[in-house]
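Observations on the three-dimensional arrangement
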Amino acid sequence: MNAAKFFTNPLGIIGASISATLLWGSSYPFIKLSYERLGIGSGDTLQQLLFAGYRFTLAGVLILLYMLIRRERLSYQRGSGGMVSTIALLQTVLQYTFFYAGLSMSAGVVGAVIAGTISFFQIVIAHFLYKNDRINGAKGLGLIVGFVGLLVLGLSKHDGNSGLHFSVGELLLMAATLFNACGNLLSRKASASYSISYINGYQMLLGGVMLCVIAAWSTGLTPFHFDGIALLMLLHLALVSALAFTLWNNVMKYNQVGSVSMYLFLIPVFGVLQSALFLNEPLSGAVIGALALVSSGIIIVNRKKKQKLLTPSEA
């Protein structure tokens, strides 16, 4: 089975989407644990960026090594420089500048919940970008149901206070999800001309190096003292980026954005569950209710929906 058949097959879509979101969900507790292990405080913004730079530089190298093993083309492809640079700026530099700073000021559970808003951004942006990807009744209802699931989680984390109260860290995380959504859609467009591995490998490598250069100007390149556990956590985070982005961008390449973006609502569910497991953050009944709502939203938005292979002209 080739890539097109796998990523348009319902089981392939479900398997790849769940795997990608499960991996992304693990990043929240592992980033928090890495900060603790390396002594990175909530105010150490440049050290946070340097750690992010390590992660994405390593992720880019891993993808390029994978391409080398598969004997895929590694050399520069004409016309790709501007596209790869823009994706690197949006999806790595800007997203993770806001994400790492925001997560250092928020609980892992809260960060995971806010990450689910990427589905909202992607579906809305795609509605205006693609004529064949409009928000219809089922898609809108599924989006609302899934978003209510996020609100249930969000409201449950405010210690009895009425209403939603967003901290600076939470606003930074929201900005990160917006940049991520824009980067995902741009990657989808680029995938019509270039391979997913080529796009992800070089944008992560370029973005990671940019983050290292920005941070190292003040912190130096090696301010951390890595032990074996810290190195394993860094490797895990790099693998999360390499595998999750590759899987998800393939799903995005071969399917309509609005039909698959609902799966991103699983990121907060997996993030909350893994934060509770690894960080000992409280797991309340609200999480179970949110999970039911998110699952219902996914079923609604994909009801009677046939997957369609996109042609370059539709991207």
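Everything numeric in this text was worked out from a predicted model, so none of it was measured.

**Looking at the overall build of the chain**
- A tally of regular secondary structure across the chain gives 13 helices and zero strands.
- Ordered by position from N to C terminus, the α and β elements of the chain give α-α-α-α-α-α-α-α-α-α-α-α-α.
- For the chain, buried positions account for 51% of its 315 residues.
- The long-range fraction of contacts in the chain, counting pairs at least 24 apart against all pairs at least 6 apart in sequence, stands at 88%.

**A few points about the environment of glutamate 72**
- Turning to its location among the elements, glutamate 72 is positioned in the loop between helix H3 (45-69) and helix H4 (81-104).
- Considered as a pair, glutamate 72 and serine 195 are 123 residues apart in the sequence and their alpha carbons are 9.2 Å apart.
- Contact partners of glutamate 72, with chain neighbours within four places excluded, come to Tyr66, Met67, Ser195 and Ser197.
- For glutamate 72, the side chain forms a polar contact with the side chain of arginine 70, separated by 2.9 Å.

**Regarding helix H9 (residues 196-219)**
- Helix length check: H9 (24 residues) gives 33 Å between terminal C-alpha atoms against 34 Å at 1.5 Å per residue, within 8%.
- Two residues or fewer past H9, glycine 220 is found with a positive phi of approximately 85°.

**Remarks on the confidence of the model for the chain**
- Residues of the chain with pLDDT of at least 70 account for 87%, and the chain-wide mean is 82.
- The low-confidence segment residues 305-315 (pLDDT under 50) makes 32 contacts with residues lying over four places distant or belonging to another chain.

**Focus on a nonpolar patch on the surface**
- On the surface, a nonpolar cluster with roughly 350 Å² of combined accessible area is contributed by Leu232, Leu235, Leu239 and Leu243.
- Tracing the chain through its elements places leucine 243 in helix H10 (residues 228-254).
- Look at leucine 243 and you get partly exposed, because its relative accessible area is 46%.

**Let's talk about the nonpolar core**
- Of all hydrophobic cores here, the largest spans 79 residues; its most connected members are Trp24, Phe51, Phe99, Tyr100 and Trp248.
- Element by element, the count of residues in this core is highest for H10, at 13 residues.

**Structural notes on the packing of aromatic side chains**
- Under the defined criterion, the tally for this structure stands at 18 aromatic pairs.
- Connected via pairs of aromatic rings, a cluster forms that spans Tyr28, Tyr35, Phe51, Phe56, Tyr96, Phe99 and Tyr100.

**Looking at the side chain of serine 17**
- For serine 17, the position within the fold is in helix H2 (residues 10-38).
- With relative accessibility at 0%, the residue serine 17 sits in the buried group.
- A distance of 2.7 Å separates a polar side-chain atom of serine 17 from the backbone oxygen of isoleucine 13.
- Ignoring any residue separated from it by four or fewer positions in sequence, one finds serine 17 in contact with Trp248, Val251 and Tyr263.

**Here we look at the pattern of salt bridges**
- Summed over all chains, the structure comprises two salt bridges.
- Arginine 37 is paired through a salt bridge with aspartate 227; the nearest N and O atoms lie 2.8 Å apart. With arginine 37 in helix H2 and aspartate 227 in the loop between H9 and H10, this pair connects stretches of sequence that are 190 residues apart.
- According to the relative accessible area criterion, arginine 37 is partly exposed, its value standing at 41%.
- A salt bridge links glutamate 72 to arginine 70; the nearest nitrogen and oxygen atoms lie 2.9 Å apart.

**A closer look at the side chain of serine 241**
- Within the element layout of this structure, serine 241 appears in helix H10.
- Given a relative accessible area of 0%, serine 241 falls into the buried group.
- Not counting residues within four places of it along the chain, the set of residues in contact with serine 241 comprises Arg55, Phe56, Ala59, Met204 and Thr246.

So, how was this worked out
Residues numbered from 1 in each chain as written. Predicted model: local features only at pLDDT ≥ 70, side-chain atom pairs only at ≥ 80, totals over all residues. Heavy atoms only, no water. Helix = DSSP H or I, 4+ residues; strand = E, 2+ residues; numbered from the N terminus. Buried < 20%, exposed > 50% of the residue type's maximum accessible area, 1.4 Å probe, protein only. Contact = heavy atoms within 4.5 Å. Polar contact = N/O pair within 3.5 Å; in protein donor to acceptor, adjacent residues only side chain to side chain. Expected span 1.5 Å × (residues − 1). pLDDT = per-residue confidence, 0-100. Patch = residues over 30% accessible without salt bridge, like charges linked within 9 Å, V, L, I, M, F, W, Y side chains within 5 Å. Areas by Shrake-Rupley, 256 points an atom, 1.4 Å probe, with all protein chains shown as cover. Salt bridge = Lys/Arg side-chain N within 4 Å of Asp/Glu carboxyl O. Core = buried A, V, L, I, M, F, W, Y, C linked by side-chain atoms within 4.5 Å. Phe/Tyr/Trp six-rings, centres within 6.5 Å; stacked < 30°, edge-to-face > 60°.

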